[in-house]
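Spelled out, the chains give:
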Amino acid sequence: MSYAEFYRRSIEQPEAFWAEQARLIDWQYPPERICDDSRPPFTRWFMGGTTNLCHNAVDRHLKERGGQPALIHVSTETGSETVYTFAQLHREVQRTAAMLKALEVAKGDRVLIYMPMIPEAVFAMLACARIGAIHSVVFGGFASVSLASRIEDATPKAVVSADAGSRGGKVVPYKPLLDEAIRLSRHKPSAVLLADRGLAAMDMVAGRDHAWRALAEEHAQAEVPCEWLQATDISYTIYTSGTTGRPKGVQRDVGGYAVSLAASMKHIFQARAGETYFSTSDIGWVVGHSYIVYGPLIAGMATLLYEGLPVRPDAGIWWSLVEKYRVTAMFSAPTAVRVLKKQDPAYLKKHDLSSLRALFLAGEPLDEPTGRWITEALGVPVIDNYWQTESGWPILTIAGGVEPKATKFGSPGIPMYGYKVKILHESTGQELTGPNEKGVVVIEGPTPPGFMQTVWGDDERFVNTYWKSVPGRMVYSTFDWGIRDEGGYYYILGRTDDVINVAGHRLGTREIEESIASHPNVAEVAVVGVADALKGQVAMAFVVARDAAALDDPAARLRLEGEIMKRVDEQLGSVARPARVRFVTLLPKTRSGKLLRRAIQAVCEGRDPGDLTTIEDPTALQQIKDVASQ
Ligand code: ATP
Ligand code: MG
């Protein structure tokens with residue numbers, strides 16, 4: 001079947017299409033109804049069906065592949081490497097489920113997981129899924145204030161955490177951050193379960209804190225069967241990465257999510273049971289939920305959980321893991337590839353990468369030079385995919401498992417089955433159908449399985465935030481700006497709030513960044529619009545140069561600045577030319593590697609940058625401050 005036909009069927013006969021996909025997972029009772037869209041924009045999938053995510057990820061593989069690897073944990077931080085087979089994972093998850101039950105966690109209770117990339121984090125997620133508790137994983141190492149706001153929002157009965165994480169060899173104690181967060185929060189969890197890695201001392205609070213190891217011993221051989229849940233029950237909540245303000249608790253179901261992952265593993269990621277999947281993300285992000293934990297395991301693949309930097313002990317570490325574990329599909333982010341691009345390419349060539357079939361990238365625009373570099377370096381297809389925490393799985397990409405169409409540099413691809421993607425005029429709400437017409441990328445309901453059900457505890461916020469932003473139409477706004485070319489390929493031009501208005505011309509920051517990034521001496525760039533008395537706004541570019549040392553010479557700096565401006569003039573026209581180009585050694589990013597344009601803009605305009613709890617390295621923003629006024 002061609003992809004066009006496959007897609008058409010998903011849109012024209014969604015019930016038949018998704019009923020078929022639903023057969024990719026195990027059900028206790030199959031669904032009675034496929035889709036209920038009677039109360040838009042809320043869509044419910046697979047009503048009457050009962051299933052369990054943990055059963056589909058673990059138990060159902062025991063018979064056929066109980067002895068095969070399920071979870072491979074590698075930490076270059078602590079120098080440990082452990083492989084759990086499906087049977088061993090089953091044991092660990094049952095043990096953890098028994099521990100949660102002993103802490104009086106029951107179906108529907110929230111469990112907040114604040115952990116580093118260690119196996120216990122995965123055990124805890126699967127154990128929650130097993131007993132029907134709702135997990136809320138918060139990125140490990142978040143500061144107390146952001147953790148506290150998430151504890152208040154999720155009101156967990158229990159928190160699962162650890163003594164410490166480690167990053168680049170530096171121990172980050174979690175327990176004091178957690179204690180402080182609980183102190184700050186109005187809600188107090190009744191139990192805290194703590195894995196002790198022997199990295200940092202912990203002050204245990206009597207009656208509340210429990211040591212993982214001791215409790216695990218008590219429940220070593222526990223048998224905890226999977227709780228059969230309604231397809232529409234809640235599996236988890238997750239907070240968005242917080243690039244644009246107050247985090248929202250994205251709430252997801254059980255059945256729709258399981259089906260969407262099973263389907264995407266097959267149709268998009270070309271998964272094959274028994275092989276190894278390596279996603280370099282973190283369990284604190286949606287990619288970690290969908291494509292470190294649930295997706296690969298549901299597909300019967302081993303999943304590689306990696307704790308460490310991509311450049312330590314050297315820039316070959318990922319590729320050595322690909323070689324060692326015969327990884328067939330890898331998932332990463334452009335920001336990580338740009339880090340590797342700055343290193344010696346010999347690291348890539350050193351390893352046997354013949355097992356690898358494709359590299360999938362998501363999270364932010366993949367600029368053409370980075371895309372070309374990694375494609376040539378690896379010699380396998382590099383497939384960009386565009387989606388959001390809210391969607392749970394790719395919205396735009398190339399479905400390599402159906403009919404692999406050609407990829408186009410700069411475009412994440414075409415709408416995935418089940419998604420009615422449209423481009424609308426931002427202020428009139430009119431649909432833009434012509435090629436390369438710029439507008440807001442929206443999704444028309446009903447949204448496909450796996451998509452967020454609502455904002456946790458706040459249906460109104462769900463409707464008002466996402467479904468009412470385009471005048472006159474009840475459509476889901478991605479808040480991304482995009483175009484579609486003659487061939488139907490989409491291009492994401494940036495977030496709707498990243499559009500610059502220079503003397504009446506509307507420009508996507510992404511377009512200017514692409515142009516600047518094509519300069520051979522540019523490693524990374526961020527462009528923001530800054531208020532200007534004359535023009536309304538002007539573009540300002542912050543550039544990380546490949547050869548930063550050479551820029552110590554002011555003349556060289558001036559020369560590069562001139563070259564960059566000339567390039568933008570030639571490619572986009574002088575209206576897009578940045579008013580100033582400034583050099584920094586580091587750009588402010590979230591911990592998930594996304595540019596904090598909003599904060600850069602605020603600093604440039606002399607405003608307060610707002611909530612910075614998700615920032616990776618605050619010194620980056622200081623650099624912006626220092627150079628912005630020069
Ligand atoms: P918040 O919603 O809290 O501001 P966030 O949007 O950064 O945070 P995510 O859901 O992790 O949180 O990121 C989704 C966004 O990332 C998309 O809306 C888009 O702006 C960007 N994005 C993701 N993948 C791609 C891609 N392949 N190409 C371009 N942009 C992408
Ligand atoms: Mg978002």
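Residues numbered from 1 in each chain as written. Chains lettered and ligands numbered in written order. Predicted model: local features only at pLDDT ≥ 70, side-chain atom pairs only at ≥ 80, totals over all residues. Heavy atoms only, no water.

- Going by an unreviewed UniProt entry, the chain carries the name Propionate--CoA ligase and comes from Ramlibacter tataouinensis.
- Of the chain, the UniProt comment under Sequence similarities (unreviewed entry) reads exactly: "Belongs to the ATP-dependent AMP-binding enzyme family." (UniProt positions renumbered as here; feature names shortened; annotations may be inferred.)

1. A word on the overall build of the chain
Piece 1. Across its full length, the chain holds 20 helices and 32 strands.
Piece 2. Here the C-alpha atoms of the chain give a radius of gyration of 24 Å, agreeing with the 25 Å that 2.2 N^0.38 yields for 630 residues.
Piece 3. Once the C-alpha set of the chain is aligned to its principal axes, its extents read approximately 70 × 55 × 50 Å.
Piece 4. Counting over 630 residues, the chain shows a buried share of 61%. (Helix = DSSP H or I, 4+ residues; strand = E, 2+ residues; numbered from the N terminus. Rg over C-alpha atoms; globule rule 2.2 N^0.38 Å. Buried < 20%, exposed > 50% of the residue type's maximum accessible area, 1.4 Å probe, protein only.)

2. Focus: the domain arrangement of the chain
Piece 1. Each assigned domain of the chain is listed with its residue range as follows: domain 1 (3-308 + 385-479) and domain 2 (503-628).
Piece 2. Once you take the C-alpha centre of each, domain 1 and domain 2 turn out to be 34 Å apart.
Piece 3. The interface of domain 1 with domain 2 comprises 16 residues on the first partner and 13 residues on the second.
Piece 4. The tally of links between domain 1 and domain 2 comes to two salt bridges. (Domains from an automatic or database assignment. Contact = heavy atoms within 4.5 Å. Salt bridge = Lys/Arg side-chain N within 4 Å of Asp/Glu carboxyl O.)

3. Some words on unusual backbone geometry
Piece 1. Cis geometry marks the peptide bond from Pro40 to Pro41; its omega dihedral reads 5 degrees.
Piece 2. On the secondary structure map, Pro41 appears in the loop between strand E1 (33-39) and strand E2 (42-47).

4. A word on the sheet that holds strand E23 (residues 420-424)
Piece 1. Here we have four strands laid out as an open sheet, ordered E23-E24-E26-E27, and antiparallel in their pairing. At either margin of the open sheet sits one strand with a lone partner, and together these are E23 and strand E27 (490-495). The average undirected angle you get between the axes of adjacent strands in this sheet is 45 degrees.
Piece 2. Across five bridges, the pairing between E23 and strand E24 (residues 439-444) is antiparallel. (Pairing = 2+ DSSP bridges. Axes fitted to C-alpha atoms, helices over the stretch in contact; angles between N-to-C directions.)

5. What to know about the pattern of salt bridges
Piece 1. Using the criterion set out here, one finds 36 salt bridges in the structure.
Piece 2. We note a salt bridge from Lys342 to Glu524, for which the minimum N-O separation is 3.8 Å. Of this pair, Lys342 sits in the loop between helix H13 (334-341) and helix H14 (346-349) while Glu524 sits in strand E30 (residues 522-532); the two residues are 182 residues apart in sequence, bridging distant segments of the chain.
Piece 3. Taking relative accessible area as the criterion, Lys342 reaches 41% and is therefore assigned partly exposed.
Piece 4. Glu514 is the salt-bridge partner of Arg510, the closest N and O atoms lying 2.8 Å from each other.

6. Points about the confidence of the model for the chain
Piece 1. Of all residues in the chain, 99% have pLDDT values of 70 or greater, and the mean over the chain is 94.
Piece 2. As scored by the predictor, the complex reaches a pTM of 0.92 and an ipTM of 0.99. (pLDDT = per-residue confidence, 0-100.)

7. A word on the pairing of strand E18 (residues 327-332)
Piece 1. Of all six residues in E18, six are buried; the element is thus mostly enclosed.
Piece 2. Looking at chain direction, E18 and strand E19 (residues 358-362) are connected through four bridges and run parallel. In the strand pairing of E19, Phe331 is matched with Phe360.

8. Comments concerning the packing of aromatic side chains
Two numbers describe a pair of aromatic rings. These are the distance of the centres and the angle of the planes.
Piece 1. Under the criterion given, the structure shown has 36 aromatic pairs.
Piece 2. Measuring from ring centre to ring centre gives 6.3 Å for Trp318 and Trp319, while their planes differ by 75 degrees; the resulting arrangement is edge-to-face. When sorted by exposure, Trp318 lands in the same class as Trp319, which is buried.
Piece 3. Taking NZ or CZ as reference, Arg39 lies 4.6 Å from the ring centre of Phe42, over its face. (Phe/Tyr/Trp six-rings, centres within 6.5 Å; stacked < 30°, edge-to-face > 60°. Lys NZ or Arg CZ within 6 Å of the ring centre and 35° of its normal.)

9. Side note on the sheet that holds strand E20 (residues 382-385)
Piece 1. The strand order across the open sheet built from seven strands is E5-E4-E17-E16-E18-E19-E20, with neighbouring strands paired in mixed fashion. The sheet is open, and its two edges are formed by strand E5 (80-85) and E20, each paired on a single side. Adjacent strand axes in the sheet meet at a mean angle of 20 degrees when their direction is disregarded.
Piece 2. Of the strands in this sheet, strand E4 (69-75), E5, strand E16 (276-279), strand E17 (302-307) and E18 touch helix H12 (residues 317-325), which is tilted by about 150 degrees from E18.

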